[in-house]
Amino acid sequence: MPLYLYAITDADHPLPVDGATGIGASPAPLRAVRTARVAAVVSQAPAQLRAKRRDLIAHQNVLLMLGAAGAVVPLRFGTLAPDDGAVRRALADQESLFTDRLREVEDRVEFNVKALQDEDTALRDVLRDSAEARRLSALTRDGAGTHDDQVSLGTVVAAGVEALQEQHARDIARRLEPLAHRVAAGDPTGEVFLNLSLLIERGQADAFAASVGQVAESLGHGLELRVTGPLPPYSFV
């Protein structure tokens, strides 16, 4: 019977799975497949597995439930195994690795911090700091500039915005990283110029969230920090 896998835990993890269910239109009960030192939390795999919002949320809720009771190594959405025997063999083969990872994330949670900047504010900041940007902007605004001036203005502004956001990112990271046990930087995407995941002691989660709020307040108009967490330690296993 194909199995859907949610997470790896210690074998003696107080698994709160009685009565709990997993993903799928008709969610199957959760249960554990164990070796001597570690366990995998599984359920029967649905007939058709798709990354639906319902199932993504169900997957994360299982991880949060498990994480609240002990150390957990979260597995990616969509992890499957053919049967219990295959799971036990994989657990036995990687038992030492899994136990090392469990100790690394024990009593710790992940927070993700994304930084964004309003486009108009970024443009004003560049014009404030760059004499060349101001000169080219004046030319194009007055109609005296050439096509090359317009291209140059776009280039200068883009470089200026990138430089300013890199500086903001360094400043934000410098203030938050000392609060974390580990840090993992993700790729910026779209308007997000900083994508930072931080592994935080569970008991410091509220204090960390408050510190992020203080940093956000100090950034000024046009800059925003979006915080997600506490989360299972996706980025650190």
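Here's what I pulled together on the structure shown here. Model, not experiment: these values are computed from the prediction.

Attention now goes to the overall build of the protein. Helix and strand content of the protein: seven helices and nine strands. Relative to its 237 residues, the protein shows a buried fraction of 42%. Put simply, of all contacts in the protein between residues at least 6 apart along the chain, 75% involve residues at least 24 apart. Accessible surface, the protein: about 12,700 Å² in total, of which carbon and sulfur atoms supply 50%.

The omega angle of the peptide bond from Gly-229 to Pro-230 is 0°, so this bond is cis rather than trans. By the element assignment, Pro-230 lies in strand β9 (residues 223-231).

Moving on: the nonpolar core. Residues Val-113, Ile-172, Leu-176, Leu-194, Leu-198, Phe-208 and Leu-225 are the most contacted members of the largest nonpolar core, which totals 21 residues. Breaking this core down by element, the ones donating at least two residues are β6 (108-117), α6 (147-176), β8 (192-201), α7 (205-218) and β9. Sorting elements by how many residues they give to this core places β8 first, with five residues.

This brings us to the environment of Asp-171. One can find Asp-171 in helix α6. The exposure class assigned to Asp-171 is partly exposed, which follows from its relative accessible area of 27%. Remark: the alpha-carbon pair of Asp-171 and Leu-219, spanning 48 residues in sequence, is separated by 9.7 Å.

The next point concerns the sheet that holds β6. The four strands lie next to each other as β7-β8-β6-β9, forming an open sheet whose pairing is antiparallel. Two strands bound the open sheet, and with one partner strand each, they are β7 (182-186) and β9. Between one strand and the next, the sheet's axes are offset by a mean angle of 20°, whatever the strand orientation. In terms of strand pairing, β7 meets β8 through five bridges, oriented antiparallel. Across the sheet, the residue bridging to Ala-185 is Leu-196, located in β8.

Moving on to the pattern of salt bridges. In this structure the tally under the stated criterion is eight salt bridges. Note that Arg-31 is salt-bridged to Asp-84, the shortest N-O span being 2.7 Å. Of this pair, Arg-31 sits in strand β2 (residues 31-34) while Asp-84 sits in helix α2 (residues 84-93); the two residues are 53 residues apart in sequence, bridging distant segments of the chain. For Glu-201, the salt bridge identified is with Arg-108, shortest N-O distance 2.7 Å. Placement of Glu-201 in strand β8 and of Arg-108 in strand β6 is noted, with a sequence separation of 93 residues between them. Arg-108 sits in the buried class, given a relative accessible area of 16%. Among the charged side chains, a network of salt bridges with common partners joins Asp-10, Arg-103 and Glu-106.

Time to look at the packing of aromatic side chains. Two descriptors summarise a pair of aromatic rings, namely the distance from one centre to the other and the angle between the planes of the rings. Applying the stated criterion across every chain, the model contains three aromatic pairs. Centre to centre, the rings of Tyr-4 and Tyr-6 are 4.8 Å apart; their planes meet at 65°, and the pair counts as edge-to-face. An aromatic cluster is defined as three or more aromatic residues linked by ring pairs; in this entry it consists of Tyr-4, Tyr-6 and Phe-77.

Among the 10 residues in β8, nine count as buried, and that is most of the element. Note: β6 against β8, nine bridges, orientation antiparallel. Paired with Glu-110 across the strands is Leu-199, a residue of β8. Taking the residues between adjacent antiparallel strands as the criterion, β7 and β8 are bridged by five residues, where Gly-190 takes a positive phi near 60°.

It is worth spelling out the pairing of β6 at this point. The buried fraction of β6 is high, at nine of 10 residues. Bridge count between β6 and β9: seven bridges; the pairing is antiparallel. In the strand pairing of β9, Lys-114 is matched with Arg-226.

Taken together, the buried positions of helix α3 (residues 95-105) are occupied by Glu-95, Phe-98, Thr-99, Leu-102 and Val-105. Looking straight down α3, one finds that the buried residues subtend no more than 135° of arc, so they occupy a single side. In this structure, the buried residues of α3 make contact with β1 (3-10), β3 (38-44), β4 (72-74), α2 and β6. Asp-107 occupies a position one or two residues after α3 and carries a positive phi of about 60°.

Conventions adopted
- Residues numbered from 1 in each chain as written.
- Predicted model: local features only at pLDDT ≥ 70, side-chain atom pairs only at ≥ 80, totals over all residues.
- Heavy atoms only, no water.
- Helix = DSSP H or I, 4+ residues; strand = E, 2+ residues; numbered from the N terminus.
- Buried < 20%, exposed > 50% of the residue type's maximum accessible area, 1.4 Å probe, protein only.
- Contact = heavy atoms within 4.5 Å.
- Areas by Shrake-Rupley, 256 points an atom, 1.4 Å probe, with all protein chains shown as cover.
- Core = buried A, V, L, I, M, F, W, Y, C linked by side-chain atoms within 4.5 Å.
- Pairing = 2+ DSSP bridges.
- Axes fitted to C-alpha atoms, helices over the stretch in contact; angles between N-to-C directions.
- Salt bridge = Lys/Arg side-chain N within 4 Å of Asp/Glu carboxyl O.
- Phe/Tyr/Trp six-rings, centres within 6.5 Å; stacked < 30°, edge-to-face > 60°.
- Arc of directions from axis to C-beta.

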